[in-house]
Amino acid sequence: MFSLGSWLPALPGLAWGWALLDALLQGLVGACAVSVLCSLLKVYLYVQCVNNPERQAEKEAIAAQRPLLEPLHVLVLTGVLALVGSRVAALVVLEFSLRAVSTVFSLGKGAHSIQLYLLCQYSLGCGVSCGLSFLLEGAPHRSWNLALAAGLAGLLALRGPWATHEATECLVSPLWGWRGRSVPAVAPQCRVLAEESRQSTGRGQVFRTVVVRMGGLFILLLTVGRWTDILHVFVSLLGELWCLLCSGVLLESCWRQ
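Residues numbered from 1 in each chain as written. Predicted model: local features only at pLDDT ≥ 70, side-chain atom pairs only at ≥ 80, totals over all residues. Heavy atoms only, no water.

(A) Main features of a nonpolar patch on the surface. Among the surface-exposed residues, Leu148, Leu152 and Leu155 lie close enough to one another that they form a single nonpolar patch of about 320 Å² accessible area. Following the sequence through the fold, Leu152 ends up in helix α7 (residues 142-158). (Patch = residues over 30% accessible without salt bridge, like charges linked within 9 Å, V, L, I, M, F, W, Y side chains within 5 Å. Areas by Shrake-Rupley, 256 points an atom, 1.4 Å probe, with all protein chains shown as cover. Salt bridge = Lys/Arg side-chain N within 4 Å of Asp/Glu carboxyl O. Helix = DSSP H or I, 4+ residues; strand = E, 2+ residues; numbered from the N terminus.)

(B) The UniProt feature "transmembrane region" (unreviewed entry) in the protein chain, seen in detail. Under the UniProt annotation, the feature "transmembrane region" (unreviewed entry) is placed at residues 68-94, 114-136, 206-224 and 230-251. In the segment residues 114-136, helix accounts for 91% and strand for 0%; the C-alpha atoms at its two ends are 32 Å apart. Secondary structure within residues 206-224 divides into 100% helix and 0% strand; the distance between the first and last C-alpha atoms comes to 27 Å. (UniProt positions renumbered as here; feature names shortened; annotations may be inferred.)

(C) Main features of the packing of helix α6 (residues 121-135) against helix α11 (residues 227-246). Two numbers describe how α6 lies on α11: the axes approach to 8 Å, and their chain directions differ by 130°. Here α11 runs oblique to α6, going by the angle between their axes. Of the residues in α11, those in contact with Gln121, Tyr122 and Ser123 of α6 are Val235, Ser236, Gly239, Glu240 and Cys243. For the contact of α6 with α11, a count of residues per class yields 3 nonpolar, 4 polar and 1 charged. (Axes fitted to C-alpha atoms, helices over the stretch in contact; angles between N-to-C directions. Parallel < 35°, antiparallel > 145°, perpendicular 65-115°, else oblique. Contact = heavy atoms within 4.5 Å. Nonpolar A, V, L, I, M, F, W, Y, C, P; charged D, E, K, R; others polar.)

(D) Summary view of the side chain of Asp229. Topologically, Asp229 is positioned in helix α11. Among all residues touching Asp229, those that are not within four sequence positions of it are Arg87, Val88 and Leu221.

(E) Spotlight on the side chain of Gln115. Tracing the backbone shows Gln115 in helix α5 (residues 111-119). If near-sequence neighbours (up to four positions away) are discounted, Gln115 is found in contact with Val206, Leu251, Cys254 and Trp255.

(F) Local environment of the environment of Ala31. Residue placement: Ala31 occurs in helix α1 (residues 14-49). On a C-alpha basis, the gap between Ala31 and Leu81 in space is 7.7 Å, while along the polypeptide they are 50 residues apart. Discounting chain neighbours no more than four positions away, the residues touching Ala31 are Val74, Leu77, Thr78 and Leu81.

(G) Geometry of helix α3 (residues 69-83). Taking 1.5 Å per residue, 15 residues should reach 21 Å; α3 reaches 21 Å between its end C-alpha atoms and fits that length. Taken as a whole, α3 has its buried residues at His73, Val74, Leu77, Thr78, Val80, Leu81 and Ala82. (Expected span 1.5 Å × (residues − 1). Buried < 20%, exposed > 50% of the residue type's maximum accessible area, 1.4 Å probe, protein only.)

(H) A look at the pattern of salt bridges. For the coordinates displayed, the defined rule picks out 5 salt bridges. Asp229 is the partner of Arg87 in a salt bridge, and the nearest nitrogen-oxygen pair spans 2.7 Å. Taken together, the residues Arg87 in helix α4 (residues 86-107) and Asp229 in helix α11 connect sequence positions 142 residues apart. Of the residues examined, Arg87 reaches a relative accessible area of 38% and is grouped as partly exposed. The class for Asp229 is buried, based on a relative accessible area of 3%. The residue Arg213 makes a salt bridge to Glu95 at a minimum N-O spacing of 2.7 Å. On the criterion of sequence distance, the pair formed by Arg213 in helix α10 (residues 189-224) and Glu95 in helix α4 is long-range, its members being 118 residues apart. Looking at Glu95, the relative accessible area reads 17%, which means it is buried.

(I) The packing of helix α2 (residues 56-63) against helix α12 (residues 248-256), seen in detail. At a minimum axis separation of 10 Å, α2 and α12 run at an interaxial angle of 155°. The pairing of α2 with α12 is recorded here as roughly antiparallel in orientation. Regarding α2 and α12, the two cross each other, and that crossing is left-handed. For the pair α2 and α12, the contacting residues are Glu58, Ala61 and Ile62 in the first and Val249, Leu250, Ser253 and Arg256 in the second. The class makeup of the residues in the contact of α2 with α12 is 4 nonpolar, 1 polar and 2 charged. (Left-handed = near helix turned anticlockwise from the far one by under 90°.)

What follows is the structure, encoded as structure tokens:
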């Protein structure tokens, strides 16, 4: 495997250092991909709430700026994706893809599709990270290629669609005005309680599903994997939970639909 280290004299630990740098760059690209996906979903859900009097609190929650949350989310996810090996990352993508296909065929489209996009955040990061690992394996100047990919991904994440959500609201609000007039201002109390019940049940179900998924991979790798793969499963569980915690407002908005 050739990288920036191939241009330097062989020193103890130098190859390990460049391998760590490559892993961090791959993780950064995957984390930026997740950030772009979250930005797109924020814009979509924000537009859904624009002219609906019942969902003004959701709109304000989505639009609330948290300057440190997004960089922290990308930073933590970069570290997690850098630690997870390509074998476990590929298994995570395969397992989620099979489950997603089954869900789409069984539940159809609509709000379930948006929730599925939110649940695929960590799997998307794993797919991008391990895809880069496989594509660039043995490539000359691998680290330079990863650095360029990380730079482009960072630009997309920083200048993503959510950065211009005010402009999006201004453009879309007039087109959605008729929907705002057709929605009653006050919902029945029983409907509000049913939304809250579904929200509480959905949150617990999502976290249980993540634990079951990672538990299945853990049992599989106990029989055919390595001890490092088992460690990577626990790291993946932390990554999945972190993504769900950071997108809690968006998940609540999906459940209210």
